[in-house]
Number of protein chains: 2
Amino acid sequence: MTYCVAMHLADGLVFISDSRTNAGIDQISTFRKLFIFSTPGERLIALQTSGNLATSQSVVNLLKQRCAGNGVNLLNVGSLYDATALVAETVREVVCRDRTPLSDTTDLTCSFLVGGQIAGGKMDLYSIYPQGNFIQATPDTPFLQLGESKYGRPVLDRNLTYQTSIGTAVRCGLISFDSTMHSNLSVGMPLDLLVYQKDSFSDAKIHRITHDDFYFNRIRLQWAAGQHEMLAQLPEPPDNYFMPINKVVSA
Amino acid sequence: MTYCVAMHLADGLVFISDSRTNAGIDQISTFRKLFIFSTPGERLIALQTSGNLATSQSVVNLLKQRCAGNGVNLLNVGSLYDATALVAETVREVVCRDRTPLSDTTDLTCSFLVGGQIAGGKMDLYSIYPQGNFIQATPDTPFLQLGESKYGRPVLDRNLTYQTSIGTAVRCGLISFDSTMHSNLSVGMPLDLLVYQKDSFSDAKIHRITHDDFYFNRIRLQWAAGQHEMLAQLPEPPDNYFMPINKVVSA
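Residues numbered from 1 in each chain as written. Chains lettered and ligands numbered in written order. Predicted model: local features only at pLDDT ≥ 70, side-chain atom pairs only at ≥ 80, totals over all residues.

(A) Main features of the overall build of chain A. Per the secondary structure count, chain A includes five helices and 13 strands. Overall, the C-alpha framework of chain A stretches about 80 × 45 × 35 Å when taken along its three principal axes. Counting across all 251 residues of chain A, residues that qualify as buried make up 47%. In chain A, the proportion of contacts linking residues at least 24 apart, taken out of those at least 6 apart, comes to 65%. (Helix = DSSP H or I, 4+ residues; strand = E, 2+ residues; numbered from the N terminus. Buried ≥ 20, exposed ≤ 12 C-beta atoms within 10 Å, placed from the backbone. Contact = placed C-beta atoms within 7 Å.)

(B) Spatial organisation of the sheet that holds strand 12 (residues 204-209) of chain B. Spatial ordering of the open sheet is given by 13(A)-12(B)-11(B)-2(B)-1(B)-10(B), a layout of six strands whose pairing is antiparallel. Only two strands of the sheet have a single neighbouring strand rather than two, namely strand 13 (243-244) of chain A together with strand 10 (143-147) of chain B. Here strand 2 (residues 12-17) of chain B pairs with strand 11 (residues 191-197) of chain B via six bridges, running antiparallel. What sits directly across from Ile16(B), in strand 11 of chain B, is Leu193(B). (Pairing = 2+ DSSP bridges.)

(C) Quick look at the sheet that holds strand 2 (residues 12-17) of chain A. Judged by pairing direction, the sheet is antiparallel, and its six strands sit side by side in the order 10(A)-1(A)-2(A)-11(A)-12(A)-13(B) without closing on themselves. Only two strands of the sheet have a single partner each, and these edge strands are strand 10 (143-147) of chain A together with strand 13 (243-244) of chain B. Taken together, the five bridges between strand 1 (residues 3-8) of chain A and strand 2 of chain A define a ladder with antiparallel strand orientation. The residue bridging His8(A) from the neighbouring strand is Leu13(A), located in strand 2 of chain A.

(D) Molecular detail of the pairing of strand 8 (residues 124-128) of chain B. All names here are of chain B. Across the five residues that make up strand 8, a large majority, five, are buried. Burial along strand 8 is two-sided: the residues Asp124, Tyr126 and Ile128 and Leu125 and Ser127 are all buried. Where strand 7 (residues 110-118) meets strand 8, five bridges bridge the pair, whose relative direction is antiparallel. For Gly116, the partnering residue across the bridge sits in strand 8 and is Asp124. Counted along the chain from strand 7 to the antiparallel partner strand 8, the turn is five residues long, and its residue Gly120 has a positive phi close to 95 degrees. For strand 8 and strand 9 (residues 134-136), the ladder comprises three bridges, and the chain directions are antiparallel. Bridging from a neighbouring strand, Ser127 pairs with Ile135 of strand 9.

(E) Main features of the relation of the copies chain B and chain A. With an axial shift of 0.0 Å and an RMSD of 0.0 Å, the rotation relating chain B to chain A amounts to 180 degrees. Expressed as an axis order, the relation between the two copies is that of a two-fold axis. Taking the C-alpha atom as reference, chain B places Tyr151(B) closest to the rotation axis, 2.4 Å from it. An overlap of 100% is found between the interface residues of chain B and their copies at the interface of chain A, pointing to a shared contact surface. (Least-squares fit on C-alpha atoms with pLDDT ≥ 70 in both.)

(F) The arrangement of helix 5 (residues 214-233) of chain A in detail. The terminal C-alpha atoms of helix 5 of chain A lie 28 Å apart, and with 20 residues this matches the ideal 28 Å at 1.5 Å per residue to within 8%. Lining the buried residues of helix 5 of chain A we find helix 4 (166-183) and strand 12 (204-209) of chain A together with helix 3 (153-159), helix 4 (166-183) and helix 5 (214-233) of chain B. (Expected span 1.5 Å × (residues − 1).)

(G) Region of the structure containing the packing of helix 1 (residues 53-66) of chain B against helix 2 (residues 80-98) of chain B. All names here are of chain B. Across the interface, helix 1 lies against helix 2 with an axial gap of 9 Å and an inter-helix angle of 125 degrees. Looking at the two axes, helix 1 sits oblique to helix 2. The chirality of how helix 1 crosses helix 2 is right-handed. Of the residues in helix 2, those in contact with Thr55, Ser58, Val59, Leu62 and Leu63 of helix 1 are Val87, Thr90, Val91, Val94, Val95 and Asp98. (Axes fitted to C-alpha atoms, helices over the stretch in contact; angles between N-to-C directions. Parallel < 35°, antiparallel > 145°, perpendicular 65-115°, else oblique. Left-handed = near helix turned anticlockwise from the far one by under 90°.)

(H) Main features of the interface of chain B and chain A. With 54 residues of chain B in contact, the opposing surface of chain A contributes 54 residues. Within the residue set of the side of chain B that touches chain A, elements represented by two or more residues are strand 5 (34-39), helix 3, helix 4, strand 12, helix 5 and strand 13 of chain B. In terms of residues, the side of chain B that touches chain A owes the most to one element, helix 5 of chain B, which gives 12 residues. For the side of chain B that touches chain A, the class distribution of residues is 31 nonpolar, 14 polar and nine charged. When strand 13 of chain A meets strand 12 of chain B, the two strands line up antiparallel, connected through two bridges. Counterpart to Met243(A) in the pairing with strand 12 of chain B is Ile206(B). (Nonpolar A, V, L, I, M, F, W, Y, C, P; charged D, E, K, R; others polar.)

(I) The arrangement of helix 2 of chain B in detail. All names here are of chain B. In this model helix 2 runs 27 Å from its N-terminal to its C-terminal C-alpha over 19 residues, within 8% of the 27 Å that 1.5 Å per residue would give. When we look at burial in helix 2, the residues that qualify are Leu80, Ala83, Thr84, Val87, Ala88, Thr90, Val91, Val94 and Val95. The buried residues of helix 2 all sit within an arc of 155 degrees when viewed along its axis, so they share a single face. Among the exposed residues of helix 2, those oriented more than 90 degrees off its buried face are Glu89, Cys96 and Arg97. Those residues of helix 2 that are buried lie in contact with strand 6 (43-51), helix 1, strand 7, strand 8 and strand 9. (Arc of directions from axis to C-beta.)

Interpretation in functional terms is not warranted from these geometric data alone.
Pasting the structure below:
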């Protein structure tokens, strides 16, 4: 399994990915799921991926290899929209190549989030479905997720808007990962975190969070303690809230 | 879809169910998913259910009808274990009856949570799988869920233990439902809430939460506001937390 979240905010973009892959519960590995294509000062394009690892690795490898050639590639496309279409086209290419009788019963599909900015254009964030078509984040829906999205969604739903500051969004995203890792063993450390400042084209920064990350451990403990306290502070129900059962049912 | 949670605590049992059923997004109805079989002063048995509505309604109807007869039924079984086995047996009976060529492609299965206490025995809580076998809640795992369980799980994982008081557990459960209803339209009001005090055999009380429930709306607003504040109070990462991207990657 995988969990990735990407946020398109007024001030910038935030990407967080886990790095656990598994084929069954007893075959667990670590693979980075966040990839960056950048020409400092001119463009930054980030990819996140979930799904079949062989497919997504081939897609990223082909996209990288082609950056050295003269054809259309992620370092020369003119817009984020075109970049996303190129990633989607490469997914289709790999799945068509690998879909042989040998792989008959295997799900070869994968999903991608593609976000960034190219000089002259605006910041954008897209989600490519396994089918190859894609949608775009908007101010109404400022975040997109891949993989095991449900455990970590309530904290995003309750707190994240297009106007949320980058700093708060990062912390909200980290809590979302903490919630997910509590409940699903197939989402795991290390986490890769990328923050991009709007219109900077080079002011992007990354961090890899491992088990001994002091900051991450501090905020997850503070969040858990804060929840305990909040729960204790919620009021009791009013006196007449419940009805005795024997007035209501008789079997 | 459905969401039900049941908690087995040191001091008692708590059950919360939603009441939305749907066949597609445009066919939504309200059906109670919490059922009570009780002989005041002697036994209380609560059932919660998810899955095929025709099956679960037939199971509950047969269980009720048979309480009037002389055979083994939920008002005369000697233990919660036997009550659970009887519910599971009735599920198998209904699925076998209704599984005909007419229902070939339909999933007829359903799941039940069964909890309560019978005089002379201890409090117990079981979860019956669609296959008809069942597991039991223990102090290590004091809550069981049915249906759309993921959105509402982190707040339970972080806060609920066997020693949690009934009052706190009720509030924790209500927040878990609030999280779920935020994110999944197929889980919806009204909610049915049942609280049973250990060794009381009659001190059970219920409440139905509708959209204008003042108490529920108060705690969900207080929780959301508290989360905003907690997020704002989380510390900033240390100065050297991030690395500039151009020192790390070049495409």
